[in-house]
Amino acid sequence: MSDVEAGAAGGAGRAADGAGRGRAGGCATGGRPTESDPTASDPADFGPGGFDPAAQGWHPEPYGDFVAHIGPLWRRTDGAEEQIALRVAPQHLDRGGAVAAGLLLALFNHAVGVASYRVAGEQAMLATIQLNCQVLRPAGCGDFVVCRVAVAGMDTTEIVLTGDCRVDGAPILIGSGIIKRGRAGARERKAAAQAPDAGVPGAAGAAVPERIIRSDGIG
């Protein structure tokens, strides 16, 4: 068999496999949640058993910019833990039919950012300066990928976070990140200091200890 024939056969096999998973895996193109309507409620598009994220406490994550191109995303909070989720669709797959590793990294990075803004305040100037991630196993079309991220430590210049991405409770990626905290301008600092929740830990105007606060409570 020539290389061309082999490539064609491989493509046909992948297409057949994708067709077989279609609606059963929540990857049908018709009626699937979209950026403009992330809560589209065709039960067949929620995967096996008609899983509906909204019924499990998830809310649409209406972010724009780059994140809008990897969604639609879902969000919920569990105590100190931020959770960002994504239903894997055909456009999220690589040539082998598994979710692209770059998508998982982007999803994890977004979850890291959401958790960071939660403790630093929405007006904070933040930037990702380090991500360390390890992909443990692939995810497929229709999987509901959940990224869970929590703050492990922070000081006046950096926020350290750890977390993972899971499918059906099983980790598919583990990782950590470091967020750099920039200095806000005078106007932003004044607004934060005058905010009603300025004295609440984690609020925009709250004081942040100079030393690192570790998740185990040891400074």
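Residues numbered from 1 in each chain as written. Predicted model: local features only at pLDDT ≥ 70, side-chain atom pairs only at ≥ 80, totals over all residues. Heavy atoms only, no water.

K.L.:
Tell me about the sheet that holds strand 3 (residues 81-87), and name the residues and values.
P.N.:
Across the sheet, seven strands lie side by side as 1-2-3-5-6-7-4; this open sheet has antiparallel pairing. Looking along the sheet, the strands with just one partner apiece sit at the ends: strand 1 (59-61) and strand 4 (126-135). Taken over all neighbouring pairs, the strand axes of this sheet differ in orientation by 30° on average, direction set aside. With six bridges connecting them, strand 2 (residues 73-78) and strand 3 associate as antiparallel partners. Looking at the pairing, Arg-76 lines up with Gln-83 of strand 3. (Pairing = 2+ DSSP bridges. Helix = DSSP H or I, 4+ residues; strand = E, 2+ residues; numbered from the N terminus. Axes fitted to C-alpha atoms, helices over the stretch in contact; angles between N-to-C directions.)

K.L.:
Summarise the environment of Gln-134; cite the residues concerned and give the values.
P.N.:
The topology assignment puts Gln-134 in strand 4. Taking the C-alpha atoms as reference points, Gln-134 and Ile-172, 38 residues apart in sequence, are found 8.5 Å from one another. When neighbours within four sequence positions are excluded, Gln-134 is seen to be in contact with Ile-172, Leu-173 and Ile-174. (Contact = heavy atoms within 4.5 Å.)

K.L.:
A description of the environment of Ala-124 should follow, citing residues and the corresponding values.
P.N.:
Looking at where Ala-124 falls in the secondary structure, it is placed in the loop between helix 2 (101-120) and strand 4. Residue Ala-124 is classed as partly exposed on the basis of its relative accessible area, which comes to 21%. Put simply, Ala-124 and Arg-181 are 57 residues apart on the chain and 7.4 Å apart in space, counted from C-alpha to C-alpha. (Buried < 20%, exposed > 50% of the residue type's maximum accessible area, 1.4 Å probe, protein only.)

K.L.:
Would you mind going over the side chain of Ser-116 in detail, with residue names and values included?
P.N.:
Here Ser-116 is to be found in helix 2. Note on Ser-116: relative accessible area 0%, which makes it buried. Residues in contact with Ser-116, not counting those within four places in the same chain, are Leu-126, Ile-159, Leu-161 and Ile-179.

K.L.:
Residues and numbers for the packing of aromatic side chains, please.
P.N.:
Scanning all chains against the criterion turns up one aromatic pair. Each ring, one from Trp-58 and one from Phe-144, has its centre 5.6 Å from the other, and the planes form 80°; the classification is edge-to-face. Here the residue Trp-58 occupies a position in the loop between helix 1 (3-21) and strand 1, and Phe-144 occupies one in strand 5 (residues 144-154), the gap between them amounting to 86 residues. Residue class for Trp-58 comes out buried when judged on its relative accessible area of 4%. (Phe/Tyr/Trp six-rings, centres within 6.5 Å; stacked < 30°, edge-to-face > 60°.)

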